[in-house]
Amino acid sequence: MLYKQLLRPILFRLGRGDAEGAHERTVALLAAASRSRLLLGAVERAFAFSHPALARNVFGLRFPNPLGLAAGMDKDGAALPAWAALGFGFVEVGTVTWHAQPGDPRPRLFRLPEREALINRMGFNNAGAAALAARLAAAPALRVPLGISIGKSKATPLEAAVDDYIASLRALFDHAGYFAVNVSSPNTPGLRALQDRAQLGALLAALVVENAQLAAQRGAAPRPLLVKIAPDLSEPALAELLEVCAEHGVSGLIATNTSVGRGGLEGTDPALVAQAGGLSGRPLAARALDVVRFVARETGGRLPIIGVGGILAPDDACRMLDAGATLLQLYTGLVYAGPTLPRRINRALAGRVSIPF
Ligand SMILES: Cc1cc2nc3c(=O)[nH]c(=O)nc-3n(C[C@H](O)[C@H](O)[C@H](O)COP(=O)(O)O)c2cc1C
């Protein structure tokens, strides 16, 4: 209430025509809060909600609650303790690439407030895998699981994509609770072709071997590898992708990334709708639910799914769990519903009689 009626209008107005500026200021504020134990404590008391019924073990990790921060919000891991203090049960940083890169030219992030949606073509702006590794090495351990999303550098040709992902895996292995293999961003030319059988098979095979070697060198367990998929795949393409994931023993799926589709935007400013990039938020919800339902059915519920796309309220989160998700993530919901959203969702989930695992 307070956020939607007071804070959001201020944030949106300050960042008029510059949605990314508002995002940067918010992350900078949270990064500053992350450096003060006093502030972190205050944020946690104001926002976090914990309940033993929310905890769960998934792919060998203990999650205090099933709601995570989706990739892209904090690409370089600048404010990790603050996300946990806001009540997220895990955080996914990235997508990072082996080479640092600036991303696409600005403007590249657009708000469609009347539809509670965003369109972005950030293009994996990030400081690179080595910089993230250095930052994580210097930071105190996070008290919730940390996922690291890795993708292909723009400068690396598609034929050399495997080496690019492997280099990031190596650099970040010691810091990751799990890895998300991002083959579904619409904003790196050719990236989504890595969802095809042959290319995905080659990529996963190489990652699995490297993961096992890195683990053996350290006497540690291999990191769970998850694949993040697009909402725009047909059911046959999805079924094929699931086969490839099963062949390579993938630990889970993240469904879904943003969409190149523009459904649900009828009647909105055509100039905005025509912006290139991925659509997230409310208009993505129905498709993301369908994909999660399809994956859960095809895999007999045996493959953990992180359900993401259009979770803007507690009911959306419940629907995603009912569709077969084991864990949840959100990004756009934080922009439109504000920082009390994790608490409201977790409180609602704790109140459910049974939470599907
Ligand atoms: C500005 C922006 C940047 C994003 N960057 C990434 C990214 O780097 N890697 C990734 O896997 N997903 C990225 N995403 C996708 C989100 O993680 C999420 O899958 C998608 O937005 C759907 O969830 P939502 O409706 O809750 O936002 C990004 C989304 C937005 C809005």
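Scroll up to find the structure this text is about.
For the structure given in this document, a descriptive report is provided here.

**Looking at helix α8 (residues 235-247)**
- Its 13 residues give α8 an end-to-end C-alpha distance of 18 Å, which sits within 8% of 18 Å, the value for a rise of 1.5 Å per residue.
- Listed in full, the buried residues belonging to α8 are L238, L241, L242, V244 and C245. The buried residues of α8 occupy an angular sector of 160° when the element is viewed end-on, so they sit on one face. Facing away from the buried side of α8 by more than 90 degrees, the exposed set consists of P236, A246 and E247.
- Elements in contact with the buried residues of α8: α7 (197-218), β9 (225-229), β10 (252-255) and α10 (285-298).
- Residue G249 follows α8 closely and has a positive phi angle near 65°.

**Here we look at the packing of helix α6 (residues 161-172) against α7**
- The contact between α6 and α7 brings their axes to 10 Å, and the two run at 25°. Considering their axes alone, α6 and α7 lie roughly parallel with respect to each other. Where α6 crosses over α7, the two elements pack in a sense that is right-handed. Two secondary-structure elements touch here, α6 through V162, Y165, I166, L169 and R170 and α7 through A202, L203, A206, L207, E210, N211 and L214.
- Class assignment for the residues of the contact of α6 with α7 results in nine nonpolar, one polar and two charged.

**What about the site of the ligand?**
- Taken together, 24 residues are adjacent to the ligand, and A71, T95, G281, G310 and T332 come closest.
- Within the contact set of the ligand, an oxygen atom lies 2.8 Å away from a backbone nitrogen or oxygen of G310.
- Y331 places a main-chain nitrogen or oxygen 3.0 Å from an oxygen atom of the ligand.
- For the ligand, whose unbound accessible area comes to 610 Å², protein coverage reaches 98%.
- Within the residue set of the shell around the ligand, elements represented by two or more residues are β4 (90-96), β6 (117-120) and β11 (278-281).
- Looking at the shell around the ligand, its residues break down into nine nonpolar, 13 polar and two charged.

**Some details on the sheet that holds β4**
- The sheet built from eight strands closes into a barrel, its strands ordered β3-β4-β7-β8-β9-β10-β12-β13 with parallel pairing. The mean angle between the axes of side-by-side strands here comes to 25°, regardless of whether they run parallel or antiparallel.
- For β10 and strand β12 (residues 305-308), the ladder comprises three bridges, and the chain directions are parallel. Within β12, the position partnered with A255 by the bridge is G307.

**Things to note about the sheet that holds β11**
- In spatial order, the strands read β5-β6-β11; together these three strands make up an open sheet with antiparallel pairing. Of all the strands in the sheet, just β5 (109-112) and β11 have a single pairing partner and so form its edges. Going across the sheet, the axis of each strand differs from the next one's by a mean of 25°, ignoring polarity.
- The sheet contact formed by β5 and β6 spans four bridges and is antiparallel. Residue pairing across strands places L112 opposite A117, the latter belonging to β6.

Cut-offs applied
- Residues numbered from 1 in each chain as written.
- Predicted model: local features only at pLDDT ≥ 70, side-chain atom pairs only at ≥ 80, totals over all residues.
- Heavy atoms only, no water.
- Helix = DSSP H or I, 4+ residues; strand = E, 2+ residues; numbered from the N terminus.
- Expected span 1.5 Å × (residues − 1).
- Buried < 20%, exposed > 50% of the residue type's maximum accessible area, 1.4 Å probe, protein only.
- Arc of directions from axis to C-beta.
- Contact = heavy atoms within 4.5 Å.
- Axes fitted to C-alpha atoms, helices over the stretch in contact; angles between N-to-C directions.
- Parallel < 35°, antiparallel > 145°, perpendicular 65-115°, else oblique.
- Left-handed = near helix turned anticlockwise from the far one by under 90°.
- Nonpolar A, V, L, I, M, F, W, Y, C, P; charged D, E, K, R; others polar.
- Near = heavy atom within 4 Å.
- Polar contact = N/O pair within 3.5 Å; in protein donor to acceptor, adjacent residues only side chain to side chain.
- Areas by Shrake-Rupley, 256 points an atom, 1.4 Å probe, with all protein chains shown as cover.
- Pairing = 2+ DSSP bridges.

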